[in-house]
Amino acid sequence: MANNQKLALIVDDSKTQCKILTKLLEEEHYSVIEANDGSSGVQKYISHKPDLVLMDINMPIMDGFEAARQIKKLSGTKDLAPLIFITSMDTDQAFIDSVDSGGDGILVRPFSPNVFKAKIKSIQRISNLYQQVKTLQQEQQQDAELAEKMMSEVIESRNFALDRVQVIKKAATIFSGDIQLTALCPNGAIHVLLGDFTGHGLRSSIGAIPVTETFRAMTRKGFSLFEIVAQLNKQLNHLLPADLFFAASFVCISDHEKSAYILNAGLPDGYLFNDKGQIRKRFESSHPPLGILRELLPDAKVEVVDIDLSDSVVFISDGIIEARNEQGELFGVERFENAATEGIIDNNLVSTVNERLEVFCLGVPQEDDISLVAIPCHGWIKEVINNKPVIPESLNEQDFNQQSTPTWSWHLHLTGKLLRTVNPIPMIMSQINDIEGAGEHWHNLYTILTELFINSLDHGVLGLSSSLKKSPEGFSQYFNERTSRLNKLDSGFVLISLKYFPLSEGGKMVVNIKDSGKGFNILKVMKSNTEQLATSNDLSGRGIELVNQLCDTLEYIEEGTSVTASYVWHNKS
Amino acid sequence: MTVNSSLHSVSNQLVISIDERFDFSLHQQFRDCYSQVHQKGLEYILDLSKTKYMDSSALGMILLLKDHVEMYASTLTIQNPSETVSKILEIAQFHRLMTIK
């Protein structure tokens, strides 16, 4: 077929030689063009783009070696038009020069027609293989571009607070195995993940979508960081082949508790920096990367640290510290820490670290993905308070009539050991969503439920005193004590009841939580809470103050062992 | 060869040693060292004393070896990792998954 016919270019100053070669090539189904010196050979190569070039060495105007060099320079790595020298110079030097100038083969006269044809066939076979590789490579490139587009547009553009979380992300291959996710918890804390899948390219991306979905959905439903990590591990273990895994650091920053919950599974140290750029704490990897083990190790736990609101949490992947310069030296932890410190002082962490890396590597190609996230420790809770719906000034008559009987109610009585393991809040939220549908006003209800439930469990059932939080070690000490009491718990109860009243333009949820604790002196605690909030940055009482702001009414009865909160909202018009 | 392996039938040991760089390019060679070994109760030793660089796909390859070792009721020990390699193994907390000495 004419379309598939290959084109050969013969460059030879001898017309007779041209004729002989043309005849042989035509027998092999080539169409042939000729040039009689090196320079016009190069011109014809440009205008005809042949599939094969046969080149004499000694020619007027431009010799074969120079012509070959120019042709190979033009074709670059894009196409391989094989070039064979045809010569009677049977010397080692001719052979060496022909290879040096870019020739793919040499054929020394005299040769038989069959030897010539065999040579053409073999060189064409190599050229075909090269074409195949080229095509495959292009397809792979397209896949990688698609994956990158999906990653940046679908996954990371849906991150929360992109303007406040600072990010560095430089992929080694076009598609990066690193992912960075942020999501807002219903109680106003923020969850952030920096993760690194094994390897690079498309292969390393198969886990990205399920990780993203799970991380976002569980955060939205109010699961704790640890529950999310455990679930991601289980999911990835199931999904990924044995040699693929996911090294990741997780943090939950709660500015109203002034604490951060952190777990590092297989990444380099994470950091807590103060606003002077000093390292307040390093978070070492404490668990193998996710996806290797079926379940997390029994001693896996999140670390709790006290934060100042001016602090920031910084995570990096190994690409930063393993970046190399021309001498093969690593950028290393120390250079990174120095750059980070200076960057924080100058208030531009990202550009300082980037600049230092670039100066250090000076154009050495990047071997691994480089990524960093820096999360400020303040300002997250505002997101929730600002979302507070308008409480109706007055209820209309119809509302009063409907208020006497709830349209539905729901109870959960959790006892003893179950209190250790069951987190009832996501369960309750899912019930509410099932019955009433999703809605933004549930975010505040989530906060109310969480705070009240934790209060009943901690101060009621576990009998923890909130004065513990005032010690220098503050919240982390409290958290450790809580864990140890919880592990020993085998009696006690928490009873949660919900009643739902629809209103003409919204609704009302009445939450009651009772616990088996000893109760407390309601008046005294409330009074001291108010005083503390006015005078200091104390942590205790902050949760209940938040609930108070979100609720229509909040009332403790039965010596503080029973609390009733009523939450009213208006549908947004 | 950048991956070497030898089976000592007297001591029941299979020693796999890796040269300077342990990365994805060794994938096939590394697998070939053990995939045809079906003997039970062997002691697999992964000698990393000469290895100066290891990437995360090498960690993945070690996990594949570990699966193989467990399937044939054998044991796996990583031996003599250099300081840089130790650091990588430590970050990945591999001492929680296998013996390193």
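Residues numbered from 1 in each chain as written. Chains lettered and ligands numbered in written order. Predicted model: local features only at pLDDT ≥ 70, side-chain atom pairs only at ≥ 80, totals over all residues.

Bringing the overall build of chain B into the picture now. Looking only at helices and strands, chain B features three helices and seven strands. Secondary structure elements of chain B, listed N to C terminal, follow the sequence β-β-β-α-β-β-α-β-α-β. Going through the 101 residues of chain B one by one, you find that 37% of them count as buried. Counted over contacts in chain B with a minimum sequence separation of 6, partners at least 24 positions apart contribute 73%. (Helix = DSSP H or I, 4+ residues; strand = E, 2+ residues; numbered from the N terminus. Buried ≥ 20, exposed ≤ 12 C-beta atoms within 10 Å, placed from the backbone. Contact = placed C-beta atoms within 7 Å.)

A tally of regular secondary structure across chain A gives 18 helices and 20 strands. Classification of the 573 residues of chain A by burial places 38% in the buried group. Within chain A, residue pairs in contact and separated by at least 24 positions form 70% of the contacts whose partners lie at least 6 positions apart.

In this section: the confidence of the model for chain B. When pLDDT is averaged along chain B, the result is 90, and 99% of the positions lie at 70 or above. This complex was scored by the predictor with a pTM of 0.69 and an ipTM of 0.87. (pLDDT = per-residue confidence, 0-100.)

Our next topic: the interface of chain A and chain B. Between chain A and chain B, the residue contacts involve 16 residues of the former and 14 residues of the latter. Its residues assigned to classes, the side of chain A that touches chain B shows ten nonpolar, five polar and one charged. (Nonpolar A, V, L, I, M, F, W, Y, C, P; charged D, E, K, R; others polar.)

For the rest of this paragraph, the subject is helix α6 (residues 208-221) of chain A. All names here are of chain A. For α6, spanning 14 residues, the distance from its first C-alpha to its last is 20 Å, which sits close to the expected 20 Å at 1.5 Å a residue. For α6, the complete set of buried residues consists of A208, V211, T212, F215, R216, M218 and T219. One or two residues past the end of α6 sits G222, with phi positive at roughly 95 degrees. (Expected span 1.5 Å × (residues − 1).)

Turning to the sheet that holds strand β16 (residues 408-415) of chain A, a few remarks are in order. All names here are of chain A. Strand order in the open sheet made by the five strands is β16-β17-β18-β20-β19, with antiparallel pairing throughout. Two strands bound the open sheet, and with one partner strand each, they are β16 and β19 (553-557). Strand after strand, the sheet turns through a mean of 10 degrees between neighbouring axes, direction not considered. Relative to strand β17 (residues 493-503), β16 runs antiparallel, the two sharing eight bridges. Looking at β17, one finds that S409 is bridged to K499. Strand contacts of helix α14 (residues 424-436): β16 and β17, with the helix running at about 165 degrees to β16, the strand carrying the most contacts. Contacting β17, β18 (506-515) and β20 (562-570), helix α15 (residues 442-461) runs over the sheet at an angle of about 10 degrees to β18. (Pairing = 2+ DSSP bridges. Axes fitted to C-alpha atoms, helices over the stretch in contact; angles between N-to-C directions.)

What follows concerns the sheet that holds strand β2 (residues 13-18) of chain B. All names here are of chain B. Across the sheet, which stays open at both edges, the five strands sit in the order β1-β2-β4-β6-β7 with mixed pairing between neighbours. At either margin of the open sheet sits one strand with a lone partner, and together these are β1 (3-8) and β7 (99-100). Taken together, the five bridges between β2 and strand β4 (residues 43-47) define a ladder with parallel strand orientation. Looking at the pairing, L14 lines up with Y44 of β4. Contacts from helix α2 (residues 56-71) reach β4 and β6 (75-79), with the element oriented near 150 degrees to β6.

Residues and elements named next belong to chain A. One can describe the packing of α14 onto α15 by two numbers: an axis separation of 10 Å at closest approach and a directional angle of 150 degrees. Crossing hand, α14 versus α15: right-handed. Across the interface between the two elements, P424, I425, I428, M429, I432 and N433 of α14 pack against W442, Y446, L449, T450 and F453 of α15. When grouped by side-chain class, the residues that make up the contact of α14 with α15 number nine nonpolar, two polar and no charged. (Left-handed = near helix turned anticlockwise from the far one by under 90°.)

The next subject is unusual backbone geometry. All names here are of chain A. Geometrically, the link from R109 to P110 is a cis peptide bond, its omega value of -5 degrees lying close to zero. Of note, P110 is situated in the loop between β5 (105-108) and α5 (113-155). With phi around 70 degrees, H29 is a residue other than glycine that occupies positive phi space. By secondary structure assignment, the location of H29 is in the loop between α1 (15-27) and β2 (30-35). If you check the backbone angles, K49 has positive phi at about 45 degrees while not being a glycine. Take K49: it is sitting in the loop between α2 (38-48) and β3 (52-55).

So, on to the pairing of β19 of chain A. All names here are of chain A. Two strands pair when backbone bridges link them, and β19 and β20 are joined in this way by five bridges, in the antiparallel orientation. Bridging across to β20, E555 finds its partner in T564. Connecting β19 to the antiparallel partner β20 that follows it, the hairpin turn spans four residues, and E558 within it adopts a positive phi of roughly 50 degrees.

Here the focus is the environment of V547 of chain A. All names here are of chain A. Here V547 lies in helix α18 (residues 542-550). Residue classification places V547 among the buried residues on the basis of 22 C-beta atoms within 10 Å. Linking V547 and N444, residues 103 residues apart in sequence, is a C-alpha distance of 8.6 Å.

A separate point is the nonpolar core. One broad rule of soluble globular proteins: the nonpolar side chains tend to lie buried together. Residues and elements named next belong to chain A. Counting residues in each nonpolar core, the largest one holds 101 residues, and the members touching the most others are A248, V251, I253, A260, V314, I320 and L372. When sequence neighbours within four positions are dropped, the list of residues in contact with V314 reads G270, Y271, F273, A340, L372 and A374. By size, the runner-up hydrophobic cluster in this structure holds 30 residues, among which are I428, I448, V563 and V568. (Core = buried A, V, L, I, M, F, W, Y, C linked by C-beta atoms within 7 Å.)

A separate point is the confidence of the model for chain A. Residues and elements named next belong to chain A. Looking at chain A as a whole, its pLDDT mean stands at 84, while 88% of the residues score no less than 70. Mean pLDDT across the secondary structure elements of chain A bottoms out at helix α12 (residues 397-403), with 51, and peaks at strand β11 (residues 270-273), with 96. In this model, residues 386-395 is a region of pLDDT below 50 whose contacts with residues beyond four sequence positions or in other chains number 16 contacts.

Turning to the packing of α6 of chain A against helix α7 (residues 225-239) of chain A, a few remarks are in order. All names here are of chain A. The N-to-C vectors of α6 and α7 enclose an angle of 155 degrees; their axes lie 10 Å apart at closest approach. By the angle class used here, α6 and α7 are roughly antiparallel. Crossing of α6 against α7: the hand is right-handed. Here P210, V211, T214, F215, M218 and T219 of α6 lie close against α7, whose contacting residues are E227, I228, Q231, L232, Q235 and L239. (Parallel < 35°, antiparallel > 145°, perpendicular 65-115°, else oblique.)

All right, on to α7 of chain A then. All names here are of chain A. Given a rise of 1.5 Å per residue, 15 residues ought to cover 21 Å, and the 21 Å separating the end C-alpha atoms of α7 matches this to within 8%. Of the residues making up α7, those classed as buried are L225, I228, V229, L232, N233 and L236. End-on view of α7: buried residues confined to an arc of 135 degrees, all on one side of the axis. Contacts from the buried residues of α7 go to β8 (190-197), α6, β9 (246-254) and β10 (259-265). (Arc of directions from axis to C-beta.)

A separate point is the pairing of β3 of chain A. Residue and element names in this part refer to chain A. Burial along β3 is two-sided: the face carrying L52 and L54 and the face carrying V53 and M55 are both buried. Sheet topology note: the strand β1 (residues 6-11)/β3 ladder contains four bridges and is parallel. Paired with I10 across the strands is L54, a residue of β3. For β3 and strand β4 (residues 83-87), the ladder comprises three bridges, and the chain directions are parallel. Of the residues in β4, the one forming a bridge with L54 is I84.

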